[in-house]
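# Report on the structure
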Amino acid sequence: MPETVAGLMRRAAKQLSLRGIETAALDARLLLQSAAGMTHADIVAGPDLNLPADVTARFLSLVERRCAFEPVSRILGTREFYGRSFRVTPDVLDPRADTETLIGATLALAKDKPPLRILDLGTGSGAIVVTLLAELPGALAVATDLSAAALQVAKGNAEALGVANRVRFVRANWFDGVDGQFDFIVSNPPYIPLGDIAGLAVDVRDFDPQKALDGGPDGLEAYRRIASGAGGHLAPKGHVIPEIGAGQENAVNDLFKGQGFNPESRHFDLAGHVRCLVFNRP
């Protein structure tokens, strides 16, 4: 018997809620939009619309995946970040809203400045560098990643969002193979201590690439590499802006100060945690 849009939504939201998924209603709507080829407006306008059996089956299969804690962005293959849609695959970290804090901090410093050069270390999906280029039409960038597959995803996002002609993607381990100086060196590096990864939420632990999470024994290995290499690539009056994990502010500050950098500012995410730091170098 055909089921209505509203009935399916209620059924799916209940299933998801029983799994402890707090965003059950939103997730159900997004999955139905994908399965049925509908918009949010279509769902609001047609709650009593009967859906074909094949659409219902497709939708319920997506709900089962979400019940296994696969993130909606992984199921749909896209993630919205700073108002734009980015393709994501199992090869890249799923961009989080917390990282938009880094975008805001960078744009505030870039305001009213001449065309800038940006270096994005460990670019993953390209969400950071592509967003900055889209927001700063005169900027140029280099983006690195150790993963060739990740770089292909990032290139595709740059092309889809119209900035591919202003960014060069380099397969590199941090600064290896990178030449020149940059006004901004930005990064959302791996910062989870290796021993903590097993205790992460399932939707992170089982679906994000471990290389994008593993920050070494103390979670600080990437910051050591960035702090030690940034001085040779930072333009005069430039800034280094890394994202950090909860409780890492003091340790990261110490690493950069040890390399001659000055902590300039810190920026908070919506949960009130220090999410990124800004450093300069005299």
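Before reading on, note that the structure itself is shown above.
Basis of the calculations
Residues numbered from 1 in each chain as written. Predicted model: local features only at pLDDT ≥ 70, side-chain atom pairs only at ≥ 80, totals over all residues. Heavy atoms only, no water. 1 Å grid on protein atoms, 1.4 Å probe; cavity = no way out; pocket = protein on both sides within 12 Å on 5 of 7 lines; lining within 4 Å. Points joined across faces, edges and corners; volume = space filled by probe spheres on them. Helix = DSSP H or I, 4+ residues; strand = E, 2+ residues; numbered from the N terminus. Nonpolar A, V, L, I, M, F, W, Y, C, P; charged D, E, K, R; others polar. Core = buried A, V, L, I, M, F, W, Y, C linked by side-chain atoms within 4.5 Å. Buried < 20%, exposed > 50% of the residue type's maximum accessible area, 1.4 Å probe, protein only. Contact = heavy atoms within 4.5 Å.

## Some details on the layout of surface pockets
One number sums up the size of the largest pocket: a volume of about 1300 Å³. The wall of the largest pocket is formed by 44 residues, among which Arg 79, Asp 94, Pro 95, Arg 96 and Ala 97 lie closest to the centre. When residues of the lining of the largest pocket are traced back to their parent elements, those giving at least two are helix H2 (24–36), helix H5 (72–76), strand S3 (78–81), strand S4 (84–87) and helix H9 (202–205). When grouped by side-chain class, the residues that make up the lining of the largest pocket number 21 nonpolar, nine polar and 14 charged. Empty space within the second largest pocket amounts to approximately 630 Å³. Where the lining of the second largest pocket is concerned, the elements lending two or more residues are strand S5 (117–121) and helix H7 (127–135). A breakdown of the residues in the lining of the second largest pocket according to their chemical character gives 15 nonpolar, eight polar and seven charged.

## Concerning the nonpolar core
Across soluble globular proteins, nonpolar side chains show a tendency to be buried alongside one another. The biggest cluster of nonpolar side chains holds 31 residues, and the ones touching the most others in it are Ile 118, Val 167, Phe 184, Val 186 and Ile 241. For this core, the secondary structure elements donating two or more residues are helix H6 (100–110), H7, strand S6 (140–145), helix H8 (148–160), strand S7 (167–171), strand S8 (182–187) and strand S11 (274–280). Excluding anything up to four places from it in sequence, Phe 184 contacts Thr 106, Leu 109, Ala 110, Leu 116, Arg 117, Ile 118, Leu 119, His 239 and Ile 241. Membership of the second largest hydrophobic core comes to 30 residues, among which are Trp 174, Val 204, Ala 222 and Val 274.

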